[in-house]
Amino acid sequence: MAEYDLVIRNTTIATASDVVKGDIGIAGGRVVALGERLDKGRREIDGTGRIAVPGGIDAHVHFDQDTADGSVFCDDFESGSRAAAAGGTTTIIPFAYQNKGQPLRDAVNKYHARAEGKSLIDYAFHVILSDASEKIMGQDFTALVADGYTSFKVYMTYDDVKLTDREMLDALAAARREQAMLMIHAENSDCITWLTERLELKGMTAAKFHATSRPFVVEREATHRAISLAELLDVPMLLVHVSAKEAMHEIQRAQARGLRVYGETCPQYLFLSEEDFEKPGDEGAKCVCSPPPRGTDNQEHIWTGLAANTFHVLSSDHAAFKFDDVRGKKLPGARESFRKIPNGVPGVETRLPLLFSEGVNKGRISLQQFVALSSTNAAKIYGLHPRKGTIAVGSDADIVLWDPERKVSLTNSILHHNCDYTPYEGRELTGYPVMTLSRGEVVMDEGRMSGSAGRGRFQKCDRPEAARPRGRPLIDPSIFN
Ligand code: DUC
Ligand code: ZN
Ligand code: ZN
C-alpha cells in the first residue's frame, strides 16, 4: 500500500528561502515528505523541467462585493476563484464589506454566504472597517479576531467607508489590543474632492483626469499620516496598493526607523502607466483604478522596491468591472465624468504570470523573492503560515508547477475571469503555471480546470506575529488601553 496519494517527482522546489531538487510526497491533502527517490505514490506526476512553488496567496481581491454607486463587480467567488487557480493562486483573501453602522459579524456572515458553495480554492476574509465606533471595536472586533478574522481594511478616502484620523486612532488602539493587522488605503480624501470639483468645473472630465485628481502627493501625504498615527500608538500596519515612489519612500523611512510598516503593491503599478489613459475612445476607462498608475519612470522605482524587500506582498487588487456594461465602466454618468467610472482593474489570473515573466525571468527579482512576494509573506502577515505559503512537511499541499520557459500571449480569451477585457492584452510572457494543486487535488492542468465549485474551505487566520507591537509607543499606553 503506497504511503503517498501523490508524488511530484524530480522537480525544482522553490520556497522563500531555498531552491532545491527533489520529490514531494503528498497524503491527506498535506505535504508529508520532501526527499529524493521517495516511494511510489498512488499517483505520480513528473516534475522534470518544472518549478514547484507554494500556491499563490492573493491577499487583495474584491469578489461579489457591495458597492455604493450601483456598479457591479463582475466576478463572484466562483469565477474569481477559478481565474485565481488558473493563474497559479491557491488561496484568496477577499473582503467582507461593513456598511456604516452594520455589526461586523453581519458583514462577515453575508460574505460567507456569498462564498459558500462557490469557491474552488481556499479563502479567508479581511473585513472592511467603515465604522470604528467604540461599540463595534469593543465587542464585535474582539470576537471576530478570536474567530479567525484578523485583518481589517481602513480607507482614508471614499465617503461610504472613510475613517477620520480620530476614528483611525480608535481602530489602531483596537488593533494593538487584539494583535490584528490593519490594511490602509492611503489617499487624502479632501484633496481628491477639491481637485475633482475643479477639474469638472473646467470641463476636464475624460478618464485621464482621474489620475490628475489623485496625484502622488495625495498618496504620499496620507501614507505619511497613517504611519504617524501608527507610530504614535506603536501598531504595525500594511499600506495596500502602493502606487508611487513617493509613498514607497515614506514606507522606507518608517522601516529605517524600525517601525513595523509593511507594503503591498500591485501589477498595475508595474505594467500600466498614465499613458494607458490616452487610449482611443473610452478605452482609458479600462485602467481607472485607485490609486492610479503613474508615469512610466515610476514603474522601475516600484520594481526596485520589490527587489529591495520594501514591499512584502504583491497582490492583484482584482476589482473587475466589465468595460462594455452600464453596471461597469460605462455606468450612467461615467462618460460625462471620470468621477463616475468604477475604480478597479481585473488581475487575479495575470498577477503571477506577469511577476514571473517580467520579474524572475528578466532578473529583477530572485525566484525566492517571487515566492515570498506571491505567497509566503502574505501567509505570515495575515496569520496563515505555515499551513499556507510554503512547501514544508505538514503544510497544505497547495502547490503550483511552473514551466519557466512557456511562451504565452496574454489575451482575454485565455483567461477564466468574467470580465470582458484585460488591461494586459497582447503582452508576451515567458513562464506560466501549468498545474495547480489545492490541498493535493489538481484543480488546473495545462489550462483545463477541474474540481468542484465549493470545494474551497474557509481558513481561519491566527493573530499574526507580524502584527505584534514593538512595545515602544510614543505615549504611555495606559492612556489609550
Ligand atoms: N481600492 C481598492 O482597494 N480596490 C479597488 C479600488 C480602491 O480604491
Ligand atoms: Zn483600496
Ligand atoms: Zn482593493
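Preceding this paragraph is the structure being described.
Conventions and cut-offs
Residues numbered from 1 in each chain as written. Chains lettered and ligands numbered in written order. Predicted model: local features only at pLDDT ≥ 70, side-chain atom pairs only at ≥ 80, totals over all residues. Heavy atoms only, no water. Donors = N, O, S within 2.8 Å, 3.2 Å for Na, K, Ca; no water. Helix = DSSP H or I, 4+ residues; strand = E, 2+ residues; numbered from the N terminus. Contact = heavy atoms within 4.5 Å. Phe/Tyr/Trp six-rings, centres within 6.5 Å; stacked < 30°, edge-to-face > 60°. Buried < 20%, exposed > 50% of the residue type's maximum accessible area, 1.4 Å probe, protein only. Lys NZ or Arg CZ within 6 Å of the ring centre and 35° of its normal. Pairing = 2+ DSSP bridges. Core = buried A, V, L, I, M, F, W, Y, C linked by side-chain atoms within 4.5 Å. Patch = residues over 30% accessible without salt bridge, like charges linked within 9 Å, V, L, I, M, F, W, Y side chains within 5 Å. Areas by Shrake-Rupley, 256 points an atom, 1.4 Å probe, with all protein chains shown as cover. Salt bridge = Lys/Arg side-chain N within 4 Å of Asp/Glu carboxyl O.

### Considerations on the coordination of the zinc ion (ligand 2)
Here is step 1: Lys153 (NZ), His185 (ND1) and His241 (NE2) make up the full set of protein donors to the zinc ion (ligand 2), lying at 2.1 to 2.2 Å.
Here is step 2: Look at where the donors of the zinc ion (ligand 2) fall in the sequence and you get K-x31-H-x55-H.

### A few points about the environment of Ala320
Here is step 1: Among the secondary structure elements, Ala320 is positioned in the loop between strand S14 (313-314) and helix H11 (351-360).
Here is step 2: Taking the C-alpha atoms as reference points, Ala320 and Ile57, 263 residues apart in sequence, are found 18 Å from one another.
Here is step 3: What Ala320 contacts, discounting residues up to four positions off in sequence, is Val72, Phe73, Cys74, Asp75, Val345, Pro346 and Cys419.

### A closer look at the environment of Leu270
Here is step 1: Locating Leu270 in the fold gives a position in helix H9 (residues 268-271).
Here is step 2: In sequence terms Leu270 and His224 are 46 residues apart; their C-alpha atoms lie 22 Å from each other.
Here is step 3: The residues contacting Leu270, other than those within four sequence positions of it, are Gln299, Ile302, Trp303, Leu306 and Leu314.

### Description of the packing of aromatic side chains
Here is step 1: Under the criterion given, the structure shown has 16 aromatic pairs.
Here is step 2: Where Tyr123 meets Phe458, the ring centres are 6.2 Å apart and the plane angle is 50°; that geometry is what we call tilted. Placement of Tyr123 in strand S8 (residues 122-123) and of Phe458 in the segment after strand S18 (448-449) is noted, with a sequence separation of 335 residues between them.
Here is step 3: Classification of Phe458 by relative accessible area gives partly exposed; the value is 23%.
Here is step 4: Members of the aromatic cluster, connected to one another through ring pairs, are Phe63, Phe77, Tyr123, Phe125, Tyr149 and Phe458.
Here is step 5: One residue, Arg114, lies across the ring of Tyr111, its end atom 4.8 Å from the ring centre.
Here is step 6: Here Lys286 stacks its cationic end above the ring of Phe323, 4.8 Å away from the centre of that ring.

### Looking at the pairing of strand S17 (residues 441-445)
Here is step 1: With four bridges connecting them, strand S16 (residues 428-438) and S17 associate as antiparallel partners. Residue pairing for S17: Leu437 is matched across the bridge by Val442.
Here is step 2: Between S16 and the antiparallel strand that follows it, S17, lie two residues; Arg439 among them carries a positive phi value of about 45°.
Here is step 3: As judged from the two bridges shared by S17 and S18, these two strands associate in the antiparallel manner. Within S18, the position partnered with Met444 by the bridge is Met449.
Here is step 4: Linking S17 back to S18 in an antiparallel pair, the connection comprises two residues, with Glu446 at a positive phi of about 50°.

### Some words on the nonpolar core
Here is step 1: Ranked by size, the top nonpolar core spans 131 residues in total, and within it Phe152, Ile184, Leu239, Leu306, Phe370 and Tyr382 carry the most contacts.
Here is step 2: With seven residues, the single largest contributor to this core is helix H12 (residues 367-381).
Here is step 3: In this structure Ile184 touches Val154, Met156, Met168, Ala226, Met237, Leu238, Leu239 and Val240, once residues within four positions along its chain are discounted.
Here is step 4: One finds Ile24, Ala397, Leu401 and Leu437 within the second-largest nonpolar core, a separate group that totals 16 residues.

### Here's the deal with the coordination of the zinc ion (ligand 3)
Here is step 1: Looking at the metal site, the zinc ion (ligand 3) is ligated by His60 (NE2), His62 (NE2) and Asp317 (OD), spaced 1.9 to 2.0 Å from it.
Here is step 2: In this structure, the zinc ion (ligand 3) is positioned 4.2 Å from the zinc ion (ligand 2).

### Details of a nonpolar patch on the surface
Here is step 1: Together, Leu474, Ile475 and Ile479 line one region of the surface with nonpolar side chains, adding up to about 300 Å² of accessible area.
Here is step 2: Locating Ile479 in the fold gives a position in the segment after S18.

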